[in-house]
Protein chains: 2
Amino acid sequence: MTIERPSVLQPEMPPTRWGDPARATGLPDGVRDLVGLVFPIQDTPARADVEVPAARLAEDLVDGLRAIVGAEHVVTDDALRRRRTRGRSTPDLLRQRSGDLADAPDVVVRPSGHDDVVAVLAYAQERRIAVVPFGGGTAVTGGLVADTEGTGLAGVLSLDLGRMRGLLALDPVSSTASLEPGLRGPEAEALLAEHGLMLGHFPQSFEYATIGGFAATRSSGQSSAGYGRFDAMVVALRVATPVGEVRLGASPANASGPDLRELFLGSEGAFGVITEVTVRVRPLPEVKEYEGWRWASFADGADAMRALAQSDLLPTVIRLSDENETAINLADPESIGGQGDAGGAGQGCQMIVGYEGTPAAVAAKKAAVTEALTALGGAAQGSGPGDAWVHGRFDAPYLRDSLLDVGVLVETLETVTFWGNRENLYLRVKAALQETLGDSAMVLCHISHVYATGCSLYFTVAAPGGADPLATWLPAKAAACEAIVAAGASITHHHAVGTDHRPYLTAEIGEVGAAVLRAVKKAVDPAGVLNPGVLIP
Amino acid sequence: MTIERPSVLQPEMPPTRWGDPARATGLPDGVRDLVGLVFPIQDTPARADVEVPAARLAEDLVDGLRAIVGAEHVVTDDALRRRRTRGRSTPDLLRQRSGDLADAPDVVVRPSGHDDVVAVLAYAQERRIAVVPFGGGTAVTGGLVADTEGTGLAGVLSLDLGRMRGLLALDPVSSTASLEPGLRGPEAEALLAEHGLMLGHFPQSFEYATIGGFAATRSSGQSSAGYGRFDAMVVALRVATPVGEVRLGASPANASGPDLRELFLGSEGAFGVITEVTVRVRPLPEVKEYEGWRWASFADGADAMRALAQSDLLPTVIRLSDENETAINLADPESIGGQGDAGGAGQGCQMIVGYEGTPAAVAAKKAAVTEALTALGGAAQGSGPGDAWVHGRFDAPYLRDSLLDVGVLVETLETVTFWGNRENLYLRVKAALQETLGDSAMVLCHISHVYATGCSLYFTVAAPGGADPLATWLPAKAAACEAIVAAGASITHHHAVGTDHRPYLTAEIGEVGAAVLRAVKKAVDPAGVLNPGVLIP
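Residues numbered from 1 in each chain as written. Chains lettered and ligands numbered in written order. Predicted model: local features only at pLDDT ≥ 70, side-chain atom pairs only at ≥ 80, totals over all residues. Heavy atoms only, no water.

(A) Fine view of the environment of A:Leu161. Residues and elements named next belong to chain A. Looking at where Leu 161 falls in the secondary structure, it is placed in the loop between strand S4 (156–160) and strand S5 (167–171). On the basis of relative accessible area, Leu 161 is assigned to the buried category, the value being 7%. Sequence spacing of Leu 161 and Gly 212 is 51 residues, and the spatial spacing of their C-alpha atoms is 8.6 Å. The contact partners of Leu 161, leaving out residues within four places of it in the chain, are Pro 111, Val 117, Phe 134, Pro 181, Gly 182 and Val 273. (Helix = DSSP H or I, 4+ residues; strand = E, 2+ residues; numbered from the N terminus. Buried < 20%, exposed > 50% of the residue type's maximum accessible area, 1.4 Å probe, protein only. Contact = heavy atoms within 4.5 Å.)

(B) Spatial organisation of the pattern of salt bridges. Counted according to the given criterion, the structure contains 64 salt bridges over all chains. Close ionic contact of B:Glu12 with B:Arg83 constitutes a salt bridge, the shortest N to O distance being 3.5 Å. With B:Glu12 in the segment before helix H1 (29–36) and B:Arg83 in helix H3 (residues 78–83), this residue pair connects regions lying 71 residues apart in the sequence. The exposure class assigned to B:Arg83 is partly exposed, which follows from its relative accessible area of 26%. We note a salt bridge from B:Arg306 to B:Asp303, for which the minimum N-O separation is 3.9 Å. One end of the pair, B:Arg306, and the other, B:Asp303, are both in helix H11 (residues 298–310), three residues apart, so they sit about a helical turn from each other. Here B:Arg306 falls in the buried class, since its relative accessible area comes to 19%. Each of the salt bridges in this network shares a partner with another, and the network as a whole consists of A:Glu12, A:Arg83, A:Arg84, A:Arg110 and A:Asp160. (Salt bridge = Lys/Arg side-chain N within 4 Å of Asp/Glu carboxyl O.)

(C) Structural detail: the nonpolar core. Grouped together as the largest cluster of nonpolar side chains are 88 residues, with contacts concentrated most on A:Phe230, B:Phe230 and B:Phe264. If sequence neighbours within four positions are ignored, B:Phe264 has contacts with A:Val516, B:Leu237, B:Val239, B:Thr241, B:Val246, B:Leu248, B:Phe271, B:Ile274 and B:Val524. (Core = buried A, V, L, I, M, F, W, Y, C linked by side-chain atoms within 4.5 Å.)

(D) A look at the relation of the copies chain A and chain B. Each copy superposes on the other: chain A lies on chain B with an RMSD of 0.0 Å after a rotation of 180 degrees and an axial shift of 0.0 Å. One copy is carried onto the other by what is essentially a two-fold rotation axis. When the interface residues of chain A are mapped onto chain B, 100% of them again fall at the interface, so both copies present the same face. (Least-squares fit on C-alpha atoms with pLDDT ≥ 70 in both.)

(E) Representation of the interface of chain A and chain B in the model. Taken together, the contacts link 75 residues of chain A with 76 residues of chain B. If you look at where chain A meets chain B, you find four salt bridges. On inspection of chain A and its partner chain B, the count reaches 32 residue pairs in polar contact (both at pLDDT 80 or more). Counting only elements with at least two residues in the side of chain A that touches chain B, the list comes to strand S8 (234–241), strand S9 (244–248), helix H10 (261–264), helix H11 (298–310), strand S16 (408–418) and helix H18 (502–524) of chain A. Examining the composition of the side of chain A that touches chain B, we find that 12 residues originate from one element, H18(A), more than from any other. (Polar contact = N/O pair within 3.5 Å; in protein donor to acceptor, adjacent residues only side chain to side chain.)

(F) Representation of the environment of A:Pro133 within the structure. Residues and elements named next belong to chain A. Looking at where Pro 133 falls in the secondary structure, it is placed in strand S3 (residues 130–134). The sequence separation of Pro 133 and Ser 158 amounts to 25 residues, and the corresponding C-alpha distance is 6.0 Å. Apart from residues lying up to four places away in sequence, Pro 133 is in contact with Leu 144, Leu 159, Gly 269, Val 273 and Asn 531.

(G) Main features of the packing of H18(A) against helix H18 (residues 502–524) of chain B. It is the contact of H18(A) with H18(B), at a shortest axis distance of 9 Å, that shows an interaxial angle of 140 degrees. Considered as vectors, H18(A) and H18(B) are oriented oblique to each other. Once H18(A) is placed against H18(B), the crossing between them reads as right-handed. Contacts from A:Val512, A:Ala515, A:Val516, A:Ala519, A:Val520, A:Ala523 and A:Val524 in H18(A) reach B:Val512, B:Ala515, B:Val516, B:Ala519, B:Val520, B:Ala523 and B:Val524 in H18(B). Looking at side-chain class alone, the contact of H18(A) with H18(B) contains 14 nonpolar, no polar and no charged residues. (Axes fitted to C-alpha atoms, helices over the stretch in contact; angles between N-to-C directions. Parallel < 35°, antiparallel > 145°, perpendicular 65-115°, else oblique. Left-handed = near helix turned anticlockwise from the far one by under 90°. Nonpolar A, V, L, I, M, F, W, Y, C, P; charged D, E, K, R; others polar.)

(H) Spotlight on the packing of helix H4 (residues 90–97) of chain B against helix H17 (residues 469–486) of chain B. All names here are of chain B. Across the interface, H4 lies against H17 with an axial gap of 10 Å and an inter-helix angle of 160 degrees. The orientation of H4 relative to H17 falls into the category roughly antiparallel. As H4 runs across H17, the sense of the crossing is left-handed. For the pair H4 and H17, contact is made by Pro 91, Leu 94 and Arg 95 and by Pro 469, Leu 470, Trp 473 and Leu 474, respectively.

(I) Geometry of the sheet that holds strand S15 (residues 379–382) of chain A. Residues and elements named next belong to chain A. Strand order in the open sheet made by the seven strands is S15-S12-S14-S13-S17-S18-S16, with antiparallel pairing throughout. The two strands at the open ends of the sheet, each matched to only one other strand, are S15 and S16. Strand-to-strand, the axes of this sheet are offset by a mean angle of 25 degrees, without reference to chain direction. In the sheet, strand S17 (residues 442–447) pairs with strand S18 (residues 454–464) via five bridges, with the strands oriented antiparallel. Within the sheet, the bridge partner assigned to Leu 444 lies in S18 and is Thr 460. (Pairing = 2+ DSSP bridges.)

(J) Representation of the packing of aromatic side chains. For the coordinates displayed, the defined rule picks out 16 aromatic pairs over all chains. Note on A:Phe206 and A:Phe394: the rings are 5.3 Å apart at their centroids and 25 degrees apart in plane angle, and the pair reads as stacked. In this pair, A:Phe206 sits in the loop between strand S7 (197–198) and helix H7 (211–217) while A:Phe394 sits in the loop between helix H14 (383–392) and helix H15 (396–405), placing the two residues 188 residues apart along the sequence. Both rings, one in B:Phe214 and one in B:Phe230, keep their centres 5.3 Å apart while their planes meet at 55 degrees; by these two values the pair is tilted. (Phe/Tyr/Trp six-rings, centres within 6.5 Å; stacked < 30°, edge-to-face > 60°.)

(K) Summary view of helix H14 (residues 383–392) of chain B. Residue and element names in this part refer to chain B. Three or more residues of H14 are buried, namely Pro 385, Gly 386, Trp 389 and Gly 392. All buried residues of H14 fall inside an arc of 140 degrees around its axis, so they share one side. Where the residues of H14 are buried, they touch strand S12 (287–295), strand S13 (317–321), strand S14 (349–357), strand S15 (379–382) and helix H15 (396–405). (Arc of directions from axis to C-beta.)

Structure below.
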């Protein structure tokens, strides 16, 4: 049931931009004029003529890899190495745009399946080659940049999982599907849709990100209120490690000691390569309804979300923009998020609420949620804002590229805490960003995910890039991370640790937690070849 | 907010029986006559005059412990050592009843709080003393029996958490409460009820089992369909280890690498002592309704449970007895489970369905579930069976003692699998038990917990104990465990690994999984003093 480039598959991303080049339309004149009112506009194109550093891996090692996966699946050409160099955070893009390809992998290897991965890992361990698993290339926390300095490793191998795109098993009785890691979001959904089923995981990177990446980074999607975080959908994993394979998940939940699935979920390629993910699937929804709600303040809207979550009354989608983000979305319907202003109120905070399922289930949930939100002071705005949000939900990264093209720095970051700490975290992170980037910077925020006990905060920042946008951003990111740590929140809700958040992880899990991660790493990767420099403090 | 023996606290259990001695009424004559129709009846009292082996711990070590927690909290008297020797599995009871106290701890130490535990663990590591955490003493898989043979350890310390019974913090905004590990179920609920809140975790051991034990063994309760397994309620943990403390849970859920909470949940005292558990709490339900449903077969009822779970339409309580268990419950309303036969049909399989919450939420859920179950072929039986179940829900262990008193062997075991494997697992385990124990044995089963992707199977066995009931049972337990492994299911759904299931764990998590557990163990317990012989393959 493997699919070969179906119609749902977007073209491969260029090295310096997000997504499908055909969808990169540039900044519309109207938007450019609007942005120019706030920020200095300066055309800042990406350099296109940059050479990739010479590959370091000795030819006999490359031959050894060819013997395992076949010569045609071992690629050393510069164009592909360049596309495998970094992820899609703004720092990654800025480095690529300015021509910094210092971290390019030496070789790209494309295994056909689990056995190939096992063999490649055994070889990499024996010959001491760093292995960086590569799925959709959408990492935003530096997870694709192996740090081999001082390790004595012979080079870096980008393990491209693009050939591992099968639906390996479907159990309609148990409502589970076993998927290969290289399946991108739309491909996985297309395979399941043939059986009337879906996964229901829609992060903003949905069009490019892969099943393996969702699992390895604990992804969360726009419908996670209704369908759960990706880690909550996973019931079983197969992982290849340098010391052998591990299959976890003999049952939905059990008391057979620690849940080791939860140790490999979020392991970011540092403990092994996830070669099969078994997830809960659901019937395709018959009905989808999205609508807008308006709140007097961010705090009022957040309290309403909390009330729903604590009553176990969550819709499928629920997200709330703060005052700044609401104002931006109203000013520019084509902008980030693109919710538009169907209500016309132009004030307060906008919430998007979505319902999916059978007609009966949607009607029942909608009635109960509408009653609750109305009682809490929300103003229903109908389907206009909801439809606008659906229309633009995967487009923000394209806009970012267009803004980078005119010298405007745009980046996001996110965190999560308990409800009682929400306001404190919000104010601290906002202040840290505003103080570092200056008064002209725009700091927007929305609550993207809610739980009974807490919620995530997702910040979007736009600021003048200046002569060196990377140098402009990094101190702001550091200040935001320090504010998150100081507030006692998690350094990331759904973007993983990578290399960018690694300096802050010990503050969150403690010295003993860090020692546990190092001990597990040593047990499954004694030679330290898996994604060196990523995750492990 | 610590409570000292409130009215909700049951008296300490005697060494050879379950629960409150005042509630051990013996087998009613009518039941004795009924049992006598099936099994040979022979009075088989527990031996009461058995001496506890002499304590092995050198006096200077005991003095060292006294210096840490105070002399009055270091107990070496035989009566208390005897009560701390084993848990409450039938093998544990049979060994105690026959006078086998070989595994008695050498000393019982009662820490006052987290700092005491840290100090005791550091001392135990330095002086090489085994530490067995003791909460309610309700372990049923041999988790209280330290195996020090060949370890060179100086002796065994029972770390009695009975002084650690505080509600340490309550955050009504986040709906979380931080509880000390020694709180028994009713105590925790009483503390929360003062604030109009509840935890909602009701395993059969509820009256004695403790918060720390719930977390360390991944307990599941009778209301887990609605309120979740205990591990799912936990948002944060504080754990004392020999190498220092670890605090986990900066947020409800995040992408900060592996979820290390899930490594300490289910760690059964082998990775550390859980000293604080922060859980999601809920408002006390205003309404509770329990009712019976009757199904033509176990498979029909199971399919209905599956349909509810896969529609995300689970009530608070849902459990289904197979034909054998239904018949037994109908024959004897005072018997195991005690559901009675209000419906009078006397055939098929009985399901208990319970709803708790606000009147509106209960009415809405009940209407939807009733419609679904009716459409699936279920017959509603009204509140009679539900009320009978509520009345007797914590009484089965008392009946077991009475049956052991007359020479009838009674024990339970449980497992969990995906829906597609339910029938296979059921038939295999049932056959293994029946074949080992003989035709006269009664093998009953119910589904106690359901998930979207699978369910647990909880077996109860009654058989003639013979001259040596322990020797009768152990081969049957081994055969059942082997059947579970052969069926690819989990060796336990909610009773933990302990020592009894340890031989089967590697089959479930693989050699790499076992190596990971050993690596973590070595990192946090380098001297191997924590619960030696438990959990780790």
